[in-house]
Amino acid sequence: MMDEMYDEEHIGELLRVLRPAPEAWIQAAAGLPATRRAIEQIAALAGMDAELRREVLADLEGALQRAGLQPDPTLVAVLRDRL
Amino acid sequence: MSALSSTTDAGLVARCRVGDDEAWEELVRRFSRYVLAIAQQGFRMSREDAEDVFQDVFARTYERLGDLRSDDALRPWIAQLTRRTCIDRIRSGGRELPDPDVADRERDETLERLDEALSVREALEAMPDACREILDRFFCRDESYAVIGAALSLPAGTIASRISRCLGKLRAQLEGREPPSRPS
């Protein structure tokens, strides 16, 4: 609850302050758990197979793409760290 | 409005910790405007930098949710995380933060205002759908009476009075004269 009394004009001004974020940004952030699970799966498979690990490390972007993920630099870095 | 809209911040955190993807999406949606506003209004970032900060903040939130000491402290924790991410971003780009004293004071005032705005936003989210939608369209999306009327199948001539009535209800809720449906 607010400590002070508000007039409706002030409430309107405060409502204007928080603009919606682009839906694509929200979708990307909302998809993080699924993305991280896919990365864990790649890492787990690579952990069991040295040849596969070498292949993944040699082509991180390709590994992400094959898992259905967009290989942006952040994800590539996450996968590299995970391996 | 999602089924989780009425869940408290602490409830959302608890559900996220056990891998509830819907709770995570609600958390992202609930704080998306706040994070964006801190980056753009508090740190005057470009859209491109704000997008990077936005994604970094939620990635860090996801990774570090286990470090949160009190589930009720999600809002200040995200605010602090966003501030730090913005400062890191500015420094990594080789830029300097403007005059520290003036900038800090101005930024603190802006962040205080954003915090206040988020409290109003939370009260708005707890309102019935009809009021929430019309206020959001008018104040947050800058839609005209004609556009709102067409979208909600309402005569344009009634929009102003509905906005006024809904603002009155929102004010009553903020002043505690009407109980919020979602505790903060």
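Please clarify how the overall build of chain A should be interpreted in this entry.
If you tally the helices and strands in chain A, you get 6 helices and 0 strands. The order of helices and strands in chain A, counted from the N terminus, is α-α-α-α-α-α. Since a compact globule built from 83 residues should have a radius of gyration of about 12 Å, the 21 Å found for chain A marks it as more spread out than a globular shape. The C-alpha extent of chain A, read off along each of the three principal axes, is 65 × 20 × 15 Å. Counting over 83 residues, chain A shows a buried share of 20%. A separation threshold of at least 6 residues defines the contact pool for chain A, and within that pool the share at least 24 residues apart is 46%.

Would you mind showing me how to read the overall build of chain B here?
Of the regular secondary structure elements, chain B holds 8 helices and 0 strands. Going from the N terminus to the C terminus, chain B shows its helices and strands as α-α-α-α-α-α-α-α. By principal-axis analysis of the C-alpha atoms, chain B measures approximately 55 × 40 × 30 Å. By the burial criterion, 33% of the 184 residues in chain B qualify as buried.

What am I meant to see in the nonpolar core here?
Considering soluble globular proteins, one finds that nonpolar side chains tend to be buried as a cluster. If you look at the biggest cluster of nonpolar residues, it comprises 53 residues, and the most contacted ones within it are Val35, Ile38, Ala39, Phe54, Leu135 and Leu170 of chain B. Top element by residues in this core is helix H2 (residues 21-42) of chain B. It accounts for 11 residues. Not counting the four nearest positions on each side in its chain, Ile38 of chain B is found in contact with Phe43, Ala79, Thr82, Arg83, Cys86, Leu111 and Leu114 of chain B. Counting residues in hydrophobic clusters, the runner-up holds 8 residues, among them Ile39, Ile42, Ala46 and Leu75 of chain A.

Explain the interface of chain B and chain A to me, please; I cannot follow it from the model alone.
A common way to express how large an interface is: the accessible area buried when the components associate. Across the contact, 37 residues belong to chain B and 24 residues belong to chain A. At the level of elements, H2, helix H3 (47-64), helix H5 (100-125), helix H6 (129-140) and helix H8 (159-174) of chain B are the ones that each hand at least two residues to the side of chain B that touches chain A. The leading source of residues in the side of chain B that touches chain A is H2 of chain B, at 10 residues. In terms of residue class, the side of chain B that touches chain A is built from 20 nonpolar, 6 polar and 11 charged.

Help me understand the confidence of the model for chain A, please; the structure alone is not making it clear to me.
The predicted coordinates should not be examined in detail at positions where pLDDT is low. Confidence in the prediction for chain A averages 88 pLDDT; 94% of positions are at 70 or higher. Per-element mean pLDDT across chain A ranges from 87 in helix H6 (residues 73-82) of chain A up to 95 in helix H2 (residues 23-30) of chain A.

I tried to follow the environment of Glu8 of chain A on my own but got confused; where do I start?
As for its position among the elements, Glu8 of chain A is in helix H1 (residues 8-17). The contacts of Glu8 of chain A, once residues within four sequence positions are left out, are Leu167, Gly168 and Arg171 of chain B.

Got a minute to help me understand the confidence of the model for chain B in this structure?
All names here are of chain B. Per-residue confidence for chain B gives a mean pLDDT of 88, with 91% of residues at or over 70. When the elements of chain B are averaged for pLDDT, H5 gives the smallest value, 86, and H2 the largest, 95. Taken over the whole predicted complex, pTM reads 0.82, whereas the ipTM for its chain interfaces reads 0.83.

What am I meant to see in the packing of H1 of chain A against H8 of chain B here?
The geometry of a pair of packed helices is captured by two quantities: the angle between their axes and the separation between those axes. Closest axis-to-axis distance for the H1 of chain A/H8 of chain B pair is 10 Å, and the angle between their directions is 90°. In terms of their interaxial angle, H1 of chain A and H8 of chain B are classed as roughly perpendicular. Contact with H1 of chain A, carried on its side by Glu8, Ile11 and Gly12 of chain A, involves Leu167, Gly168, Leu170 and Arg171 of chain B of H8 of chain B and no other residues of that element. Of the residues assigned to the contact of H1 of chain A with H8 of chain B, the class counts are 3 nonpolar, 2 polar and 2 charged.

Looking at this model, I keep getting lost on the packing of H2 of chain B against H3 of chain B. Mind explaining?
All names here are of chain B. Viewed as axis vectors pointing N to C, H2 and H3 meet at an angle of 135°, and their least axial separation amounts to 10 Å. Relative to H3, the element H2 is oriented oblique. By crossing handedness, the relation of H2 to H3 is classed as right-handed. Contacts between H2 and H3 involve Val28, Val35, Leu36, Ala39 and Gln40 from the first element and Ala50, Val53, Phe54, Val57 and Phe58 from the second. Partitioning the contact of H2 with H3 into residue classes produces 9 nonpolar, 1 polar and no charged.

Here is what the cut-offs are and how they apply
- Residue numbers run consecutively from 1 along every chain, following the written order of its sequence.
- Lettering of chains starts at A and numbering of ligands starts at 1, both following the order in which they are written.
- Reporting of local features is limited, given that this is a predicted model, to residues whose pLDDT is at least 70; pairs of side-chain atoms are given and counted only at 80 or more, and all residues count toward the totals for whole chains, interfaces and linings.
- The secondary structure listing takes helices from DSSP runs of H or I that are at least 4 residues long and strands from runs of E that are at least 2 residues long, numbered from the N terminus.
- Just to be clear, the radius of gyration here is over C-alpha atoms, and the globule rule we use is 2.2 Å times residues to the power 0.38.
- Partly exposed residues are those falling between the two cut-offs: more than 12 but fewer than 20 other C-beta atoms within 10 Å of their own, whereas 20 or more means buried and 12 or fewer means exposed, with C-beta atoms placed from the backbone.
- We call two residues in contact when their backbone-placed C-beta atoms lie within 7 Å.
- Connectivity within a nonpolar core runs through C-beta atoms within 7 Å, and the core itself is a set of buried Ala, Val, Leu, Ile, Met, Phe, Trp, Tyr and Cys residues.
- Under the convention adopted here, Pro, Cys and the residues Ala, Val, Leu, Ile, Met, Phe, Trp and Tyr are nonpolar, Asp, Glu, Lys and Arg are charged, and Gly plus all remaining residues are polar.
- The quantity known as pLDDT measures the predictor's confidence residue by residue, on a range of 0 to 100.
- Only the stretch in contact is used when a helix axis is fitted, and all axes are lines through C-alpha atoms; the angle between N-to-C directions ranges over 0 to 180 degrees.
- Under this scheme an angle from 65 to 115 degrees is roughly perpendicular, one under 35 degrees roughly parallel, and one over 145 degrees roughly antiparallel; angles in between are oblique.
- Throughout, a crossing is termed right-handed when the near helix is turned clockwise from the far one, and left-handed when it is turned anticlockwise from it by less than a right angle.

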